[in-house]
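The chain contents come next:
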Amino acid sequence: MWLKPEEILLKNAFKLWVTEKGNDYFVLQRRRGYGEGGGGLTGLLVGTLDTMLDSTSKVAPFRILHQTPDSQVYWSIACGGTKEEISQHWEWLEKNIMRTLSVFDSSDDITSFVQGKIRGLIAEEGKVSCVQEDDPEKFREALLRFEKWFDLPQKEKLVTYYSCSYWRGRVPCQGWLYLSTNFLSFYSYLLGSEVKLVISWNEIWRLEKTSNVILTESIHVLANGEDHFFSMFLHLNETFLIMEQLADYSIKRLFDKETFQEEPSLSDPLQITKRYCLETHARNEQFRAFFRLPKEENLLEVYESFLWVPFSHFNTLGKICLSESYLCFASQDGSQCHVIIPMREVIGVEKPDRSSRALIVCVRGKRALRFSEVRDFERLANAIRRRCGMTASPQHSASTEVTYCFDHWECQNLISHFEDNPEEVALMVGQKDSSKAVSTEALMTVFHPQDTENLDPKMEQSWNIHFSEYGRGTSMFCTKKTRDLIVRGVPEALRGELWMLFSGAVNDMATNPGYYSELVDQSLGTSTLATDEIERDLHRSLPEHPAFQSDTGISALRRVLTAYAYRNPKIGYCQAMNILTSVLLLYAKEEEAFWLLVAVCERMLPDYFNRRIIGALVDQAVFEELIRMHLTQLTEHMTDLTFFSSVSLSWFLTLFISVLPIESAVNVVDCFFYDGIKAILQLGLAVLDYNMEGLISSHDDAEAVTILNKFFDNVTNKDSPLPQTVQQNSVGNNDKASSISKVDISDLIKEAYEKYGDMKSEEVESMRKRNKLYVIQTLEDTTKQNVLRVVSQEVKFSASQLDELYVLFKRQHFLSCYWMMNSPVLLHHDPSLAYLEQYQLGFHQFSLLFSLLEPWSLCSGKDALFLWAFRLLDENQDGLINFKEFCCALGKVTPAQFIQFSKTLYNLFHSDPEEESLYRAVARVTSLLLRMEEVGRRLQEPTSPQKSSTSPIQASSTPEISSDTPNTPITLEAGSIPQEVEWSFAFEQILASLLNEPVLVRFFERPVDIQARLDHAKSAQLKAKTNK
């Protein structure tokens, strides 16, 4: 069978494979222990191991690898159970592929072509079999085993399962890995030895693919300080992807609720499935990220096709991706060329040649794109026409010419019509005149009009040639040449236009006409915490630039920031947004700057601009990982890389704007809008590499910071038209600083791309996901340490006991969230709250955990006791208690709490050896206290009329409450608490009364084995069923 191309790690480990055939591009191998010869002792061991494995995890005995002559990288492309099966694949490759490969000039092109062809074969084979992939009967059997072995609540949703080995030390345990919505579970039973493992996704710190001498490929899971390794998967990459998606799903749902609420496809944890939820969601995310599309877009259809590239005069193989409002194309590797065509730009669809299965899409601007070899080209044509009809504006909805154009001459007529009537183009795009209060010019044009015209003629000419060849606007081809021009620099007059195009903000603005003006009208004049912070930072935003020394620039900045805070109150306003927005306003119109800010905050830098800046912390961790990979000399000298994390935070938050002169920083922003965070990471590596010698010789962090600051101060931009008075002054402007050689920003960016440009965006995203788990757990650990530091001063538990208790409390919080979307605890979770308030329990969760820890859980009146205890602990009466309040309930019961529990305490003594004595002691203490209260009140009010003698005293004569009526304490609360508030006796009186009863003193001072209760709770927590 054909396999999705996967890179092979440690291909010769243990020499498990024997090469039977080979050429310059492909290798056919047989696994030792199969076929002729058997392979001696190694073959015997391999064959024995394969025999022990489950049928779903056995390694196929034959495989085909792809390689290129000048590369050491191998890709698996096919496997087979018999020699006949694998020979058919080999013959097909020799007949259909070998001759074609000779026309390619580079190894990368050969590999890209082979991978694309194999994926196409898999897609064709999968159309028939995909419906029957999951066997319902087998899955039902697996579900029964899952429920039996792990005893989890029935609501826990099993997503998928795999056969694999779990390594305990150096011994593998063959068994089954079950992946459910909230847990990773493993079970093995071999030779009388049972291995059972259950790990919550929200407890995982690390999830990564690893390889070493013993384990060629495995999945490493770090949770609760323990390492777990799983290996011998049939499809390791598929398994890892599902695990990664489930871990990310759990993190978003439990720790990042704001982001999770924006993803309705995953809103119900009881409906999560492998294919229709996780895989679809991941595919849509990848599609939107690659083409920079709005979050509402979903990938609906994919077609393999050739696209005629006019500037190169050849057809490039790639895929057409169709969403609700966009037609996108990307070549095989994604970097050769890609194009995005909004449906609003399409004016016709033509099918010129049925034999070549071709399709011509006509767009505004006298342009047409020709797709050929589209397998289902008629379906694609109908889909495009249908979506064009849906997105057409009302002025043209009745015109069939716009969306149903079959004739070539009609296409040409429509193109000419729109060229001659640009006002109709504006109507179709959806643009409206902005409010008069909104600035319609970029600030650079207003304050330095002569400088925007003073362009480098060579640079301007290069971009004009590019536009003439590749097109201009939303349907422009993006190629390697486009990136080369970006690296060299962007003319001042084109900067705003290209930022809008590459970020995708041009599509946001076109599909939301008038939205910004409405936001400005609604938001101006409002007073919130965000607006107060905005006003405070307005004059700190590029204060050296004339645009922000005037009311024009300050007012525009205020409107953009206030409008965004009004649009997205979950982010509101965060420091560094003002600096970024200031630069956007210099080169883009006000409304464009707003949509650029939306693209950065919500799409390109997710989770950056919030209270915890999780996104920036994640990218810092990625940056550290890249430093270890690429700058080994630096890591050998500085083993602790946290220094670079603290220094680079401003680099990521402001895209180097806060550290570089403004005329140089805008070139960095150019690269960022084209390549995303990858450009910032590359530049960061180049900066450290350039200053390697100085950083290695530095004696402390302060000296290293000084070296980097001096370097940034001497980064110049020879192509900048800005006058010297606008350029930022160097903060280290002294004789020593002036002796440092100048560095041109274009040369620095070019060096970054040459040295680190081979880093792929997919790799960066994978590193982001891997490090996000660690960053989230580190923040959670910081929260725990702060909580424990506060609570430890109030209770008498040891540090280890308090730590275990916090883990139980937090897990109980999550258990209430696992199987309910409307859990009140989940709704109240807010990471921005104080540490103590981030995790809280409602009454039901409290009673479940309280019953596991307290020795009174077997009493007949425990429900009444738990309710009274909860009400007593819930001081603010919000129906939730935090960890500190919970701990107070676990210490020794104090005399002050005794009065409020007096009528319930009788139930505590049930089955106690001294039950009768305790009962009488409580009656004597209660009676004595009530009598003292009455005497004290009479002494304070000598003139008060005679009270009925039945009030407190008679009540004390019948303090007993039937244990058969558990709701009695609830009814007593309303009548008891007001009387207790009016009591006038002192605490010393209560204590003295209690201490006079030795039997009570012995009961409450009886030592409780807290560690035993903690151990019991840990083992029984998941088994505690919730009663509905």
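All values reported here derive from a predicted model rather than from experimental measurement. (Residues numbered from 1 in each chain as written. Predicted model: local features only at pLDDT ≥ 70, side-chain atom pairs only at ≥ 80, totals over all residues. Heavy atoms only, no water.)

**Q** Please explain the overall build of the chain as it appears in this structure.
**A** Across its full length, the chain holds 45 helices and 22 strands. Residue burial in the chain is summarised as follows: out of 1028 residues, 52% are buried. The contacts of the chain with a sequence gap of at least 6 include a subset with a gap of at least 24, amounting to 66%. (Helix = DSSP H or I, 4+ residues; strand = E, 2+ residues; numbered from the N terminus. Buried < 20%, exposed > 50% of the residue type's maximum accessible area, 1.4 Å probe, protein only. Contact = heavy atoms within 4.5 Å.)

**Q** Sorry, what's going on with the pattern of salt bridges here?
**A** Opposite charge on two side chains permits them to pair, given that their charged atoms come into close proximity. Summed over all chains, the structure comprises 35 salt bridges. Measuring nitrogen to oxygen at the nearest pair gives 3.7 Å for the salt bridge that ties arginine 379 to glutamate 301. Of this pair, arginine 379 sits in helix 9 (residues 377-391) while glutamate 301 is found in strand 13 (residues 301-309), placing the two residues 78 residues apart along the sequence. Judged by its relative accessible area of 47%, arginine 379 is partly exposed. Aspartate 607 is paired through a salt bridge with lysine 772; the nearest N and O atoms lie 3.8 Å apart. With aspartate 607 in the loop between helix 23 (590-604) and helix 24 (614-630) and lysine 772 in helix 33 (residues 761-791), this pair connects stretches of sequence that are 165 residues apart. Of the two residues, aspartate 607 and lysine 772, both sit in the buried class. (Salt bridge = Lys/Arg side-chain N within 4 Å of Asp/Glu carboxyl O.)

**Q** For this particular structure, what's the right way to read the sheet that holds strand 7 (residues 171-180)?
**A** Across a sheet, strands are paired by hydrogen bonds formed along the backbone, either parallel or antiparallel in direction. In space, the seven strands of this open sheet follow the order 9-8-7-6-12-11-10, with antiparallel pairing throughout. Whereas interior strands pair on both sides, the edge strands pair on one side only; in this sheet they are strand 9 (193-200) and strand 10 (204-210). Taken over all neighbouring pairs, the strand axes of this sheet differ in orientation by 30° on average, direction set aside. The sheet contact formed by strand 7 and strand 8 (residues 183-190) spans four bridges and is antiparallel. Each residue of the ladder has a partner; that of leucine 177, found in strand 8, is phenylalanine 186. (Pairing = 2+ DSSP bridges. Axes fitted to C-alpha atoms, helices over the stretch in contact; angles between N-to-C directions.)

**Q** Is there a simple way to think about the pairing of strand 17 (residues 346-350) in this case?
**A** The two faces of a sheet get side chains in turn, since along a regular strand they alternate between them. Of all five residues in strand 17, five are buried, a share of seventy percent or more. As paired strands, strand 17 and strand 18 (residues 359-363) are joined by four bridges and run antiparallel to one another. Of the residues in strand 18, the one forming a bridge with valine 346 is valine 363.

**Q** What is the right way to read the nonpolar core from this model?
**A** Among the nonpolar cores identified, the biggest contains 144 residues, and Phe371, Ile384, Phe609, Trp651, Phe673 and Leu688 are the most heavily contacted of them. Element by element, the count of residues in this core is highest for helix 23, at ten residues. Not counting residues up to four positions away in its chain, the partners in contact with phenylalanine 609 are Ile571, Cys574, Gln575, Ala576, Met577, Leu580, Val600, Cys601 and Leu653. If you look at the next biggest cluster of nonpolar residues, it comprises 82 residues, including Phe146, Tyr162, Val775 and Ala889. (Core = buried A, V, L, I, M, F, W, Y, C linked by side-chain atoms within 4.5 Å.)

**Q** Teacher, can you tell me more about the packing of helix 24 against helix 28 (residues 677-690) here?
**A** Helices that pack against each other are described as a pair by the angle of their axes relative to one another and the distance between those axes. As a packed pair, helix 24 and helix 28 sit with axes 10 Å apart at the nearest point and diverge in direction by 50°. On the basis of their axis angle, the class for helix 24 and helix 28 is oblique. As for how helix 24 packs across helix 28, the hand of that crossing is right-handed. For the pair helix 24 and helix 28, contact is made by Asp619, Val622, Phe623, Leu626, Ile627 and His630 and by Ile677, Leu681, Gly684, Leu685 and Leu688, respectively. In terms of residue class, the contact of helix 24 with helix 28 is made up of eight nonpolar, two polar and one charged. (Parallel < 35°, antiparallel > 145°, perpendicular 65-115°, else oblique. Left-handed = near helix turned anticlockwise from the far one by under 90°. Nonpolar A, V, L, I, M, F, W, Y, C, P; charged D, E, K, R; others polar.)

**Q** Where do I start with the packing of aromatic side chains in this structure?
**A** The geometry of an aromatic ring pair is captured by the separation of the ring centres together with the interplanar angle, meaning the angle of the planes. Counted according to the given criterion, the structure contains 45 aromatic pairs. Ring plane angle 70° and centroid distance 5.6 Å describe the contact between tryptophan 499 and tyrosine 587, whose orientation is recorded as edge-to-face. Of the two residues, tryptophan 499 is situated in helix 17 (residues 492-503) and tyrosine 587 in helix 22 (residues 577-587); the sequence distance between them amounts to 88 residues. By relative accessible area, tyrosine 587 is classed as buried at 6%. Centre to centre, the rings of phenylalanine 809 and phenylalanine 886 are 5.5 Å apart; their planes meet at 50°, and the pair counts as tilted. (Phe/Tyr/Trp six-rings, centres within 6.5 Å; stacked < 30°, edge-to-face > 60°.)

**Q** Hey, could you run me through a negative patch on the surface in this one?
**A** A cluster of acidic residues, Asp70, Asp105, Asp108 and Asp109, forms a negative patch on the protein surface. Relative to the helices and strands, aspartate 109 is located in helix 4 (residues 107-129). For aspartate 109, a relative accessible area of 34% translates into the label partly exposed. (Patch = residues over 30% accessible without salt bridge, like charges linked within 9 Å, V, L, I, M, F, W, Y side chains within 5 Å. Areas by Shrake-Rupley, 256 points an atom, 1.4 Å probe, with all protein chains shown as cover. Lys, Arg positive; Asp, Glu negative; His and termini not counted. Charge placed at Lys NZ, Arg CZ, Asp CG, Glu CD.)

**Q** Before we go on, may I ask you to explain helix 30 (residues 701-713) in this structure?
**A** Because an α-helix packs 3.6 residues into every turn, residues spaced three or four apart end up facing the same way. Across its 13 residues, helix 30 extends 18 Å between first and last C-alpha, which sits within 8% of the 18 Å expected from 1.5 Å per residue. Among the residues making up helix 30, those that are buried are Ala704, Leu708, Lys710, Phe711, Phe712 and Asp713. Two to three positions downstream of the cap, the backbone nitrogen of alanine 702 sits 3.3 Å from a side-chain oxygen, assigning the N-cap of helix 30 to aspartate 700. (Expected span 1.5 Å × (residues − 1). Polar contact = N/O pair within 3.5 Å; in protein donor to acceptor, adjacent residues only side chain to side chain.)

**Q** What should I look at first to understand the environment of asparagine 237 in this one?
**A** By the secondary structure assignment, asparagine 237 is in helix 6 (residues 236-254). Each C-alpha atom, one on asparagine 237 and one on serine 218, is 9.8 Å from the other, the two residues being 19 residues apart in sequence. Discounting residues that sit within four places of it in the chain, asparagine 237 has contacts with Glu6 and Lys209. Engagement of the side chain of asparagine 237 in a polar contact is seen with the side chain of glutamate 6, the distance being 3.1 Å.

**Q** Which parts of the structure should I look at to understand the pairing of strand 7?
**A** In terms of burial, strand 7 is largely enclosed, as eight of its ten residues are buried. Pairing analysis gives ten bridges linking strand 6 (residues 158-168) to strand 7, with the strands arranged antiparallel. Across the sheet, the residue bridging to leucine 158 is serine 180, located in strand 7. The hairpin formed by strand 7 and strand 8 contains two residues between the paired strands.

**Q** Help me out: how do you make sense of helix 34 (residues 799-818) in this one?
**A** In a regular helix each residue adds 1.5 Å, so 20 residues correspond to 28 Å; helix 34 covers 29 Å between its end C-alpha atoms and thus fits that length. Most of helix 34 is tucked away: 14 of the 20 residues are buried.

**Q** Looking at this model, I keep getting lost on the sheet that holds strand 3 (residues 26-31). Mind explaining?
**A** Across the sheet, which stays open at both edges, the five strands sit in the order 1-5-4-3-2 with antiparallel pairing between neighbours. The open sheet is flanked by strand 1 (2-7) and strand 2 (17-22), the only strands paired with a single partner. Adjacent strand axes in the sheet meet at a mean angle of 30°, parallel and antiparallel pairs treated alike. When strand 3 meets strand 4 (residues 62-66), the two strands line up antiparallel, connected through five bridges. Bridging from a neighbouring strand, glutamine 29 pairs with arginine 63 of strand 4.

**Q** Explain unusual backbone geometry to me, please; I cannot follow it from the model alone.
**A** What you tend to see is this: most non-glycine residues have negative phi, and most peptide bonds are trans. For asparagine 224, which is not glycine, the phi dihedral falls at a positive 55°. For asparagine 224, the location among the structural elements is in the loop between strand 11 (218-223) and strand 12 (226-231). Relative accessible area serves as the criterion here: at 53%, asparagine 224 is assigned to the exposed category.

**Q** How should the environment of asparagine 578 be read in this particular structure?
**A** Along the chain, asparagine 578 turns up in helix 22. Taking the relative accessible area as the measure of exposure, asparagine 578 reaches 5% and is therefore buried. Sequence spacing of asparagine 578 and histidine 539 is 39 residues, and the spatial spacing of their C-alpha atoms is 9.5 Å. Setting aside chain neighbours within four positions, we find asparagine 578 in contact with Asp537, Arg540, Ser541, Leu557, Leu561 and Tyr573. Within the structure, the side chain of asparagine 578 is placed 3.4 Å from the backbone oxygen of aspartate 537, a separation counted as a polar contact. A polar side-chain atom of asparagine 578 sits 3.4 Å from the main-chain amide nitrogen of alanine 576.

**Q** What's the story with the packing of helix 19 (residues 515-523) against helix 23 in this structure? I'm lost.
**A** Their axes nearest at 10 Å, the elements helix 19 and helix 23 cross at an angle of 90°. Classified by the interaxial angle, the pair formed by helix 19 and helix 23 is roughly perpendicular. Contact residues: helix 19 offers Tyr515, Tyr516 and Leu519, while helix 23 offers Glu590, Glu591, Phe594 and Trp595. When its residues are assigned to classes, the contact of helix 19 with helix 23 shows five nonpolar, no polar and two charged.

**Q** Hey, could you run me through the confidence of the model for the chain in this one?
**A** Interpreting fine coordinate detail is not advised for predicted regions of low pLDDT. Taken as a whole, the chain shows an average pLDDT of 77; of its residues, 74% reach a score of 70 or greater. For the chain, per-element mean pLDDT is lowest for helix 10 (residues 400-403), which scores 33, and highest for helix 28, which scores 95. Note that residues 390-436 has pLDDT below 50 and, in this model, 63 contacts with residues that lie over four places away or in other chains. When the criterion is pLDDT under 50, residues 944-985 qualifies, and its contacts beyond four places in sequence or with other chains add up to 44 contacts. (pLDDT = per-residue confidence, 0-100.)

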